[in-house]
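One-letter residues, chain by chain:
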Amino acid sequence: MRRKKKKGAAGMAAKTITALIFSVFFLLPIVLTITNSFMSTTEISSNYGKVFSSVSDDEDGREYIGEKVNLKFIPDMVSFEQYWSVLLKSPEYLLKFWNSVIYVVPITLFQIGIASMAAYSFTRFEGKIKTMIFFLYIILMLMPYQVTLVPNYLVSDWLNILNTRWAVWLPGIMSPFSVYLLTKYMKRIPVGIIEAAQIDGAGELRIFWNICLPLCKGALFSAAMLVFVDYWNMVEQPLVLLKDSELHPLSIFLSKINTGETGLAFAVATIYMVPNLLLFFYGEDYLVEGIASQNGMK
Amino acid sequence: MKRRFMRLAALGMTVVTACSVTGCGKGESGSKENSDDKEAKSEYGYLVDYVDVVNSENAEFYTLAMDGDNIYYSGATSNEDWTTGEVYIKQFNIASPDEQKTIVSYDFTEDSYIYIPYVQVKEDGSLLFIRREYDYSDMDVTGEMSETVPELEGLTGEETITEEYLELLGIDLEEFGLVFDDVKELTVGEVVDMYDALTSDGDSGEEYYYDDNGKTYLVTVDAEGKETSSKDVSEAMKDCYPYSYMLGKDGKIYMQTEVIIGADMDTWEMCMFSLDTESGEVEQYTVGTSEVLGMTATGDGQIVVAKYDDEGEVCIDTWDMEKNKLSGKNEDKLDVMWMESMYAGEGDTFFYSVDNTLYTYDLSEQKNTKLFKLVDWNITADNVSWIGGTEENLIVLTEMYGSSNWAVTLNLMTRVKAADIPEKTEITLGCLYAADTITNAVVEFNKKSQNYKVVIKEYLTDDVEYDAGIAEFNNDILSGNGPDLIDLSSLDISSYAGKGLFEDLYTYIENDAEFSKKNLNESVLKLFESDGKLMAMPSTFSVQMLVSDKSLYGDSALTLDKFAEIVKANPDKEIVDLTGRESMLANLYVCNSDYFVNMADKTCNFTDGTFEKLLNICKDLPSDEELWEQMDGEYEESEPEKVSKGTLLFYNLSLYSPEEYQIAGLLFKNGYNMSGYPSVEGGEVTANVYSDLMAISSNSKYKEDCWEIVKTIFESADDMFNIPVDNDALDKMLEEACTPNMEVDDNGNEVEMPSVYGWGDNFELEIYAMTEAEAEAMKTLVNSVTTLVSSTYNEDVYNIIMEESEAFFEGDATASEVCEIIQSRVNIFINEDN
Amino acid sequence: MFLTKVKKQSKKPRSNRKRNRAAASSLFLLPSFAGVMIFFVVPFLVVIYYALIDNPVQKNFVFLDNFIELFQNKAFLLAAGNTIKFSLIAVPLAVVLSLALACVLEKNLPFKSQFRSFFLTPMMVPVASVVLVFQVLFHQNGVINEFIGVFGADKINWFKSDYAMVIIVILFLWKNLGYNMILFLAALGAVPKDVLEAARMDGASEFQLFFKMKLKYLSPTLFFVTIFSIINSFKVFREVYLLTGDYPYESLYMLQHFMNNAFQSLNYQKLSAAAVVMSLVMVVIIGILFVAENHFGKDVEG
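Trainee: How should I be thinking about the overall build of chain C in this particular structure?
Mentor: The helix and strand inventory of chain C stands at 12 helices and 0 strands. When the helices and strands of chain C are listed from N to C terminus, the series reads α-α-α-α-α-α-α-α-α-α-α-α. In chain C, which comprises 302 residues, the share counted as buried stands at 55%. Across chain C, the fraction of contacts at a sequence separation of at least 24, relative to all contacts at a separation of at least 6, is 68%.

Below, the structure is given as structure tokens:
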């Protein structure tokens, strides 16, 4: 018994260390991005000038570029220069950030709304046709964007919404992405509860609104988070569907960061991930619950 | 947990409401504006009458005033060399523009010049105008001062300046706020040059205006032209050379002008002058900001100032006539890039134009309205020089500077219901930017055509990024909504080849009885062939050559090996002007792109050592950045100057006129070699096409009509700075170049006058008529082009190469490693298109 | 007789009600279904049409020519090969590592929930945000090269050599391990405790417990995670694109590069053919999942 316990303690220590190592692996890029965002532009270019060939020139002319690439955790001097520039000097970043919000928030809410209705339908009634439709949804959900690239473009062109926000909104809202997750979750609602309501004479709408949705709050939130992150990350859709760069979200700017003002990149990157991180810390439990419910395909 | 969720949900809802309000609002208002736009377009149109006010080399136009239907304008006509002529004010009614009446006229002679910059119609129908006169009879014309130096006995111009010399030369340094110490180290010649530079503003002709000798009169005449009063305001207007004249609501004439301040003669200040027409008094005020784009008065006489605000955007301010400064009250931002030609409209409004698009701005409502593009109603213009009337009856005065004449046209535009405009079938012409040749040809076609209207669609406008514009262009072509006619210049034509997107223009040429007779430059057309079909046709081109001394590589061809040798043997010399290692690599690659990337065979070839050669040639050159830094702020010797001193090996010749060809011979007196950028085989002749490379879409419904337009564009090509593809036109061009410019000299002999080409301050070449042999050689050269600089290389491949070679230049990789990587990446690109 | 009559009477209205309910619930599906049809399904049919014509301008039917060309296209084969290669490396790693992490976290580790948060964070962070850090780490003169230099190794040109795959695998793992781990944690939690306890009493080692007992219960999840990871590995394009652009080094050239570039260079028919092929592969994989899940699901239940 004693021996076993000792072995258990050693194992526990090994496991803790493993967990620690992996934590570093997972957190390092995030932490580095954040700490580096507090470096001055000069420090950034002297550290990373070699990596980003197009470090911005200041008015004073060329900056010093270090021969080596210096990865630094802690800035020599904490500076808010990057944030200052991003937030106050160049309003375009804020504008793009705002664009991102304008796209992602309505997409998330409406997609969840429409998807929860669809999920309810899939839960409540099963038949051959619905099973097939559900299979179709799963396939569509799993398709890489490149497959739907041309369809998306064609439809936007037909509907005459190319180069307007609708071109991003509508396919986003109609995307089957969250239907699957919500259906999985709703199927776990005990049939008894619904049947009881049914016997009480509740209509489908009331069952959906008063019973199903409240019971799925966690899943709704978790799905919303996943949708949010997915669309917050989008690069391809706006690039193809919006030619006017004023309509572009921040993700596009970040994807071109190497050709832009690299001195500010870390601050922009940090600002860009803040909403996601906040959302995550707020709703981690729901998220875990949502993902966990996804086990299995049907 | 539950409460937290509710809070979050509430938060989410608020954000969403806010977003959807602003977001949707924006989306909707955006689309609404569009529909408004369309409605306005579909509801109204303009019928235009054109009245030529000036259409000759020997006429000038100054200003215009309007009184109801009566137009008064001032201008001048002269004899051929502008020595004598008359300045006048003429009047006509817009209903009968041909019946013009001269109100007043003044003769001028060789020694004088008269100018009427401002005309105003008073309420009683009499005219008030400003007349300025300059008398040169008792002065040396400053432009000829330099010739006084040799005349001074015993002076060569090389002597160090002394105060006595200054006196002899009649140069008064104090005039420019200088003292003798400032110039004591200069030579006589340099001082004279400096004096010339200071007394002229570089633009010959205008320098006369800045003379103290000028007289200015404020004149009133009655409707018949009888002078009722004339006031001499010369003294008060001495420093005032206005950009614009405005009639203020207080009856004063306001003038915007720049005044020299400070001793260094370099500092200018924006000023406002006001001229009281009753008393003749002039007041001068400082505007207080230099970022003024223009000024005008509204119809009501409010003075409006367009300027850049702190953020560099165009905004509107007004002039406070009581405090005599900018009011700073009404800083409304306009969504335009800049502003040209501002003129009074009705009441509180004024008109302005930006890039040949007309706008009107209502001051009281702060409303900016875009009216239309001039070209939409078949008006072409290099410059809009007056706008007036109302939106219903708009009068737009436009200027065109042709190669041989200057045309000022009054466009009388009447707004009508769209239904009253004869309907025409639209043909779209797609291009990145509409070159003037294209716009002009399109307008010409539209004016003539009964059934068709060509609409130009520009894919790159101010608010569209380059990539996005190209993407839209490509998408349009592929979705079948593409333009009927396409200008492919500055596009990667190889990526469109072999896709059946464009008509074979050879068949059109063959079937066209007239056009097939033309003697076209086949070597150029060959560059745009794909599978024996002519995808696109340019009307002009230029040839890009490297010229060097004959001794540099003798009779051998300029191959890469030879070039490498030359670069190696001349480490202390500049190879090609302002070409650092990156540019050199880019040039070498672009000119050899067919060797490295063969789109026909779907192969690429970066690893056979040739590209390594390229890299090694470039390696020891200074980087582009170093080069630019070096020349930053320093005086840079001109290219021909460096060639003549022997510090530069290759002269970069852009052959777009016979004169350029002659320059090569003049620079290298001991004989020269002319070759395109070095290639594997050597002996390339490289062509460049800048504009109007026309293709007809296979999808177009109006192919035959498109061909007509292509022909119009081809025939109206501007060959001023380009070589025509039509060899007959080239022959004409060469014939002109071979005709000597004869003049009678002081001794009464007819002698040939050379045209003088100058670079910077020190280097000049005199070019006489071309010899027949030279003309023949040039014709042979331009008819034997082998490669195309622009558009043949693919942007993606180019970017890969430039990105990877950086590692080699920085010493992070060996040449062969870099070649391997480039091969790997470009290979993918090529295979994709298999 | 009487009884049957009653039954019949009561059955009829009930089935009617059921049908009404089915119709009502179908109404719930309508908005979503209409949207999916308009924005995804119908256009996809157009894509199939595009895959069968020569080009969108002339629109001649060429049937399977585009597919034949596609399978002869070296770039497509390279892209497909790379994508499969990447999946073969990244997917097993993703499955094994996330399972290992789940096992580690399943234990009553101190700060267990904190660790879980740490592992899950990358999932939420936009890749674009951290790409900069990866560029700094793996640059020619970057930290990793410096580090291996200490051990006397030569510099590796990470992005421009066959090692490039390593970076993408790491990025993929970084992004996806957390998600998979949660799935495994849920499955581990569902393993009946009493069965395990009984085996432990019988003197089974942890090792045996895991391979003989737990794995059996985990197998549906294992399968699910594998398929999910395969599908996600097909989507690694965005990461590669952010790191290296349109034309990366050969070893990083993925299917989506091929498709993206085909879109840019106007090759709709090639893109369409590739999209159809890719969809078919996806359908097959998902089909296998469906069938296999039925099989495994029964296995565990039984």
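Trainee: Would you take a moment to explain the packing of helix H14 (residues 265-292) of chain A against helix H4 (residues 112-124) of chain C for this structure?
Mentor: Each packed pair of helices is defined by two parameters, the angle between the axes and the distance between the axes. Remark: H14(A) packs on H4(C), axes separated minimally by 10 Å, with the N-to-C direction vectors making an angle of 105 degrees. Here H14(A) lies roughly perpendicular to H4(C), going by the angle between them. Residues Asn276(A), Leu277(A), Leu279(A), Phe280(A), Glu284(A), Asp285(A), Leu287(A), Val288(A) and Ile291(A) of H14(A) form the contact with H4(C), whose own contacting residues are Ser113(C), Arg116(C), Ser117(C), Leu120(C), Thr121(C), Met123(C) and Met124(C). Broken down by class, the residue content of the contact of H14(A) with H4(C) amounts to 9 nonpolar, 4 polar and 3 charged.

Trainee: Would you mind showing me how to read the sheet that holds strand E4 (residues 85-93) of chain B here?
Mentor: Backbone-to-backbone hydrogen bonds pair the strands of a sheet. The strands run either parallel or antiparallel. All names here are of chain B. Pairing is antiparallel across the open sheet formed by 4 strands, whose spatial order is E2-E3-E4-E5. Strands at the two margins of the open sheet, each flanked by one partner only, are strand E2 (59-67) and strand E5 (96-108). On average, each strand axis in the sheet is inclined to that of its neighbour by 20 degrees, with strand direction left out of account. Sheet topology note: the E4/E5 ladder contains 8 bridges and is antiparallel. Residue pairing across strands places glutamine 91 opposite lysine 101, the latter belonging to E5.

Trainee: Quick question: what am I supposed to make of the nonpolar core here?
Mentor: As a rule of thumb, nonpolar side chains are buried together in soluble globular proteins. Within the largest apolar cluster, 249 residues are counted, with the highest numbers of intra-cluster contacts made by Tyr589(B), Phe606(B), Phe611(B) and Phe650(B). Element by element, the count of residues in this core is highest for helix H7 (residues 164-190) of chain C, at 18 residues. In this view, Phe611(B) contacts Leu585(B), Tyr589(B), Phe596(B), Phe606(B), Ile801(B), Cys819(B) and Ile822(B); residues no more than four positions away in its chain are not counted. Ranked by size, the runner-up nonpolar core spans 82 residues in total, among them Val454(B), Cys706(B), Ala737(B) and Ile767(B).

Trainee: Which parts of the structure should I look at to understand the packing of aromatic side chains?
Mentor: Given two aromatic rings, one states the distance between the centres and the angle between the planes to describe the pair. In the structure shown here, the tally under the stated rule is 62 aromatic pairs over all chains. Judged by centre distance (5.7 Å) and plane angle (65 degrees), the ring pair of Trp158(C) and Tyr163(C) falls under edge-to-face. A residue is classified by how much of its surface remains accessible, and Trp158(C), at 8% relative accessible area, is buried. Counting every residue linked through ring pairs, the aromatic cluster contains Tyr153(A), Tyr49(C), Tyr50(C), Phe61(C), Phe63(C), Phe263(C) and Tyr268(C).

Trainee: Help me understand unusual backbone geometry, please; the structure alone is not making it clear to me.
Mentor: At Gln366(B), a residue that is not glycine, the phi angle is positive and equals roughly 50 degrees. Within the secondary structure, Gln366(B) sits in the loop between strand E21 (357-362) and strand E22 (367-373).

Trainee: Honestly, the sheet that holds strand E9 (residues 227-232) of chain B in this entry has me stumped. Any pointers?
Mentor: Residue and element names in this part refer to chain B. Strand order in the open sheet formed by 4 strands is E6-E7-E8-E9, with antiparallel pairing between adjacent strands. The sheet terminates laterally at strand E6 (112-121) and E9, the two strands that pair on one side only. When strand polarity is set aside, the average angle formed by the axes of neighbouring strands in this sheet is 20 degrees. In this sheet, strand E8 (residues 215-221) lies alongside strand E7 (residues 127-135) in antiparallel orientation, the contact comprising 7 bridges. Across the sheet, residue leucine 127 finds its bridge partner in E8, namely valine 221.

Trainee: What am I meant to see in empty space enclosed by the protein here?
Mentor: By rolling a water-sized probe across the atoms, one finds the places where empty space is left. Applying the stated rule across the entire model yields 5 cavities of 30 Å³ or more. The calculated volume of the largest cavity comes to roughly 1,100 Å³. Around the largest cavity, the lining is made up of 47 residues, and of these Phe177(A), Asp230(A), Asn232(C), Lys235(C) and Arg238(C) lie nearest the centre. Considering every element that reaches the lining of the largest cavity, the biggest residue donor is helix H11 (residues 217-232) of chain A, with 6 residues.

Trainee: Would you mind showing me how to read the pairing of E2(B) here?
Mentor: The side chains of a regular strand alternate between both faces of the sheet. All names here are of chain B. Sheet topology places E2 next to strand E3 (residues 70-78); 8 bridges connect them, and they run antiparallel. Counterpart to glutamate 60 in the pairing with E3 is alanine 76. In sequence, E2 turns back onto E3 through a hairpin of 2 residues, with glycine 68 there showing a positive phi of about 60 degrees.

Trainee: Please clarify how helix H8 (residues 177-186) of chain A should be interpreted in this entry.
Mentor: An α-helix turns once every 3.6 residues. As a result, residues three or four positions apart point the same way. The buried fraction of H8(A) is high, at 9 of 10 residues. The set of residues buried in H8(A) consists of Ser178(A), Val179(A), Tyr180(A), Leu181(A), Leu182(A), Thr183(A), Lys184(A), Tyr185(A) and Met186(A).

Trainee: Looking at this structure, I do not really get the confidence of the model for chain A. What am I missing?
Mentor: Note that predicted coordinates carrying low pLDDT should not be read in detail. Residues and elements named next belong to chain A. When pLDDT is averaged across chain A, the result is 79; 85% of the residues are at 70 or more. Averaged pLDDT values over the elements of chain A bottom out at 74 in helix H2 (residues 41-48) and peak at 91 in helix H7 (residues 166-174). Counting interchain partners and residues more than four positions distant, the pLDDT-below-50 stretch residues 1-5 has 0 contacts. Taken together, the stretch residues 54-66 has pLDDT below 50 and engages in 27 contacts with residues farther than four places along the chain or on a different chain.

Trainee: Even after reading the chapter, I still don't get the pattern of salt bridges, so can you show me in this structure?
Mentor: Any two side chains of opposite charge can pair, so long as their charged atoms come close to each other. In total, this model carries 26 salt bridges over all chains according to the counting rule given. Here Glu503(B) ties to Lys703(B) by a salt bridge, and the two come within 3.6 Å at their closest N and O atoms. Here Glu503(B), found in the loop between strand E28 (485-487) and helix H8 (505-511), pairs with Lys703(B), found in helix H18 (residues 703-715); they are 200 residues apart in sequence, far enough to count as distant. Judged by relative accessible area, which is 24%, Lys703(B) ranks as partly exposed. Measuring nitrogen to oxygen at the nearest pair gives 3.7 Å for the salt bridge that ties Lys562(B) to Glu565(B). Taken together, the residues span about one helical turn, with Lys562(B) and Glu565(B) both in helix H11 (residues 560-569) at a distance of 3 residues. A relative accessible area of 23% means that Lys562(B) is categorised as partly exposed. On the accessibility criterion, Glu565(B) (47% relative accessible area) is partly exposed. The structure contains a network of salt bridges with shared partners spanning Glu803(B), Glu804(B), Arg825(B) and Lys160(C).

Trainee: Explain the interface of chain C and chain A to me, please; I cannot follow it from the model alone.
Mentor: It is common to report an interface's size as the accessible area lost on association of the parts. Listed as interface residues are 92 residues of chain C and, on the opposing side, 103 residues of chain A. Of the roughly 9,000 Å² buried where chain C meets chain A, counting both sides, 77% is carbon and sulfur surface. Across the chain C-chain A interface, the total number found is 2 salt bridges. Salt-bridge contacts for Asp285(A) lead to Arg116(C); the nearest nitrogen and oxygen are separated by 3.2 Å. At the junction of chain C and chain A, the tally comes to 9 residue pairs in polar contact (both at pLDDT 80 or more). Broken down by element, the residue count for the side of chain C that touches chain A peaks at 21 residues, all from helix H1 (residues 2-51) of chain C.

Trainee: Mind showing me how you'd approach the pairing of strand E36 (residues 648-655) of chain B here?
Mentor: Residue and element names in this part refer to chain B. Of all 8 residues in E36, 6 are buried; the element is thus mostly enclosed. Pairing of strand E33 (residues 574-576) with E36, which is carried by 2 bridges, proceeds in the parallel orientation. Bridged to valine 576 within E36 is phenylalanine 650.

Trainee: Would you mind showing me how to read a negative patch on the surface here?
Mentor: A contiguous patch of negative charge on the surface is contributed by Glu57(B), Glu80(B), Asp81(B), Glu110(B), Asp111(B) and Asp135(B). Tracing the chain through its elements places Asp111(B) in the loop between E5 and E6.

Parameters at a glance
- Residues numbered from 1 in each chain as written.
- Chains lettered and ligands numbered in written order.
- Predicted model: local features only at pLDDT ≥ 70, side-chain atom pairs only at ≥ 80, totals over all residues.
- Heavy atoms only, no water.
- Helix = DSSP H or I, 4+ residues; strand = E, 2+ residues; numbered from the N terminus.
- Buried < 20%, exposed > 50% of the residue type's maximum accessible area, 1.4 Å probe, protein only.
- Contact = heavy atoms within 4.5 Å.
- Axes fitted to C-alpha atoms, helices over the stretch in contact; angles between N-to-C directions.
- Parallel < 35°, antiparallel > 145°, perpendicular 65-115°, else oblique.
- Nonpolar A, V, L, I, M, F, W, Y, C, P; charged D, E, K, R; others polar.
- Pairing = 2+ DSSP bridges.
- Core = buried A, V, L, I, M, F, W, Y, C linked by side-chain atoms within 4.5 Å.
- Phe/Tyr/Trp six-rings, centres within 6.5 Å; stacked < 30°, edge-to-face > 60°.
- 1 Å grid on protein atoms, 1.4 Å probe; cavity = no way out; pocket = protein on both sides within 12 Å on 5 of 7 lines; lining within 4 Å.
- Points joined across faces, edges and corners; volume = space filled by probe spheres on them.
- pLDDT = per-residue confidence, 0-100.
- Salt bridge = Lys/Arg side-chain N within 4 Å of Asp/Glu carboxyl O.
- Buried area = accessible area lost by both parts, 1.4 Å probe.
- Polar contact = N/O pair within 3.5 Å; in protein donor to acceptor, adjacent residues only side chain to side chain.
- Patch = residues over 30% accessible without salt bridge, like charges linked within 9 Å, V, L, I, M, F, W, Y side chains within 5 Å.
- Areas by Shrake-Rupley, 256 points an atom, 1.4 Å probe, with all protein chains shown as cover.
- Lys, Arg positive; Asp, Glu negative; His and termini not counted.
- Charge placed at Lys NZ, Arg CZ, Asp CG, Glu CD.

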